[in-house]
Amino acid sequence: MFHLRRPGRKNRNYPIQNQPASRTNFQSPLVKQTAKKLYDSMLEPSKFSPSISSYDAHPMNKGNNMIQISTRVLEAMKNEADHEASYPTSLYYLADLWMTSNCVMDLYGNPTEEEYNAERGSVDLVKSLERLSIDSNEREKALTRALRRLQTSVHSIEPNITSWEVAKEKLASVIILPSDENKFDQDEKQEFHVNKSSYEKIKVGRPTKKAKQSKVSMGVLDYFRLLCKSDTLNHWRSRQNSKWNHFAHLKIPEQVKVEKPAEEEIESVESVTVRLDNLLKKKLEEAEISARQKERAEEKRIEEEIKKRELEEETKKRKEEERRKEEAEKAARSLLRPLTDEETDMVQKALWGPGPLDEKLATSSTDSVLRQSMHTLRPGEWLNDEVIHYFFNVLAKRDEALSAANPQRKRSHFFMSFFFTKLFDEGCTNKYTYNNVKRWSRKVPGKDIFGLDKVFLPCNINMMHWTCVVIYMQEKRIQFYDSMGGDGYHYTDGLMRYLKDEWASKKGGELPDVDKWTIVGAEKRIPRQKNGYDCGVFTCMFADFLSMDRPLTFDQTHINQCRDRIALSILKGVAIE
């Protein structure tokens, strides 16, 4: 709630209909002094307190109790609203208008005897003297406090006052209104219009003989009533001669209106509208800021919760990976176990022993390895395709044995390096040609390549560098393993195309879940060679470890031991575990 600056009080005196000529119940200082002395003398000493005025002691004017106004005050308020305000207007503006009106404040601050007795509920001499001795400023303050409560009420600044009836309903919430505002004290009107000559002999101070007789015959109460009326009439006559006679014969032209010009009305409505818009805008901004702060706090809490859960999951996952890695390294060490003396002697004779170069040191149903080819397993030699193909055969035999021991284990298949030669029609068109390898899948276990666990393919790039490609059928992934860090997308993309054609040829239709397949190129975790001749050994060890689901824990320092392992596996006809 914001408050407008209260303007200075203006001398606005609009004529009030149906009221006597006297606008205020004025009393001279002598009348107040006399009434004060009589009132103080009539009060009991125990009930009199100099620090508390008679008006403050009134039970109706303590705390937040509602005050009562007369018909004249209500008419003055109506005239102020009709002449100074234009409907629709705000309750705040009307309350401020009444607080700054001399007419409204004077009428309430100086009530007539009948108005005061109507407020107190009974009539006696003590109350009449109390009315004469009250301070008009205290009553005006009480009315101001009531109007202040009206200004601070809910929606007071909204222009929702469309007529005087609506304003009167709002006013009734803080002030007790007269029961019938149109009713006016006819007796008082008649008393004010009585022949002035009958009061000319009544003076403040010493009363005339006629006044004394009235006092004796009428009583003390009637005497003070007559005294106050005479004093009020004298004050009204002086004001009438000095001010009101100047305007008595003036006539306001019809085109002149007391109402505010249309421009001022528009400005007044616009000013209230602008203030309301600004207030609404400010509240909306505050609500938006508060909502954003709550939203940020909630987002921060959610992010912290997510980070906490992710950290817990990462910690759990890391511990699990460390455990698996430890087990895998333990198993890998068994793969690279030291050879026995007998196995070492067998390998040394095959690699370094005497004999014809064309002697067959290892033979299977389809392939064989000559002594000359076994010499490529010596340190620093480049492996030929005969050694690599035969080693892939012994890996296939080991995989068959493991699957026979465990029926739940899926088989893997090991192609020869000629698969890529035929697939890309190397040496001829050098283009992808599915028909060249269309029948190769008939030799895979189960005769269904899509039912396998893995497919291993040695790849000789440009007859200079050996690599290994693995198709993870169940994981829907094709990965390229190169000890030199190549990505091999030419070969992996060709294999993806091969799988689509193979599915269409053998099963019909498109490869299901083709969008779920991923192709992985070079990875940093893959062991790297540090020379130009150990690529064939790395290729064989990639297939050896991955076929057993072992992590690639070997590196360049294990290569000579790996060469002996390959030689021993070829000589025995089965890959050692």
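Residues numbered from 1 in each chain as written. Predicted model: local features only at pLDDT ≥ 70, side-chain atom pairs only at ≥ 80, totals over all residues. Heavy atoms only, no water.

Caption draft 1: Spotlight on helix H19 (residues 559–572). Here H19 spans 20 Å end to end across 14 residues, near enough to the 20 Å set by a 1.5 Å rise per residue. Residues of H19 that are buried: Ile559, Cys562, Arg563, Arg565, Ile566, Ala567, Leu568, Ser569 and Ile570. Positive phi appears at Gly573, one or two residues downstream of H19, with a value of about 85°. (Helix = DSSP H or I, 4+ residues; strand = E, 2+ residues; numbered from the N terminus. Expected span 1.5 Å × (residues − 1). Buried < 20%, exposed > 50% of the residue type's maximum accessible area, 1.4 Å probe, protein only.)

Caption draft 2: Here's a closer look at the pairing of strand E3 (residues 360–363). Summarising the sheet, E3 and strand E4 (residues 368–370) pair through three bridges and their orientation is antiparallel. Within E4, the position partnered with Lys360 by the bridge is Leu370. What sits between E3 and E4 in their antiparallel hairpin is a turn of four residues. (Pairing = 2+ DSSP bridges.)

Caption draft 3: Spatial organisation of the confidence of the model for the protein. The predicted model of the protein averages 77 in pLDDT, with 68% of residues at 70 or higher. Ignoring residues within four places in sequence, the model shows residues 246–250, a span with pLDDT below 50, making zero contacts including any to other chains. Note that pLDDT drops below 50 for residues 252–258; the model gives that stretch two contacts with residues more than four away or on any other chain. (pLDDT = per-residue confidence, 0-100. Contact = heavy atoms within 4.5 Å.)

Caption draft 4: Structural context of the nonpolar core. Judged by nonpolar contacts, the single largest core of 43 residues is most densely connected at Met374, Leu377, Phe456, Tyr481, Phe542, Ile566 and Ile570. Sorting the residues of this core by element identifies helix H13 (341–352), helix H15 (385–405), strand E7 (465–472), helix H18 (535–547) and H19 as the ones contributing at least two each. The dominant element in this core, judged by the number of residues it contributes, is H18, at nine residues. Core analysis: the second largest hydrophobic core is formed by 30 residues, Ala85, Val104, Leu147 and Ala167 among them. (Core = buried A, V, L, I, M, F, W, Y, C linked by side-chain atoms within 4.5 Å.)

Caption draft 5: Inspection of the packing of aromatic side chains at higher detail. This model, assessed by the stated rule, comprises 19 aromatic pairs. Consider the rings of Trp98 and Trp164, whose centres lie 6.3 Å apart with planes at 85°: the pair is edge-to-face. With a gap of 66 residues between them, Trp98 in helix H3 (residues 91–99) and Trp164 in helix H8 (residues 164–171) connect regions that are remote in the sequence. Trp98 gets classed as buried once you look at its relative accessible area, which sits at 0%. Here the aromatic residues Phe415, Phe419, Phe420, Phe424, Tyr434, Trp440, Tyr491 and Tyr498 are joined through ring pairs into a cluster of three or more. The ring of Trp352 has Arg378 sitting right over it, with the charged end atom 4.5 Å from the ring centre. The side chain of Arg477 reaches across the aromatic face of Tyr472, ending 4.0 Å from its centre. (Phe/Tyr/Trp six-rings, centres within 6.5 Å; stacked < 30°, edge-to-face > 60°. Lys NZ or Arg CZ within 6 Å of the ring centre and 35° of its normal.)

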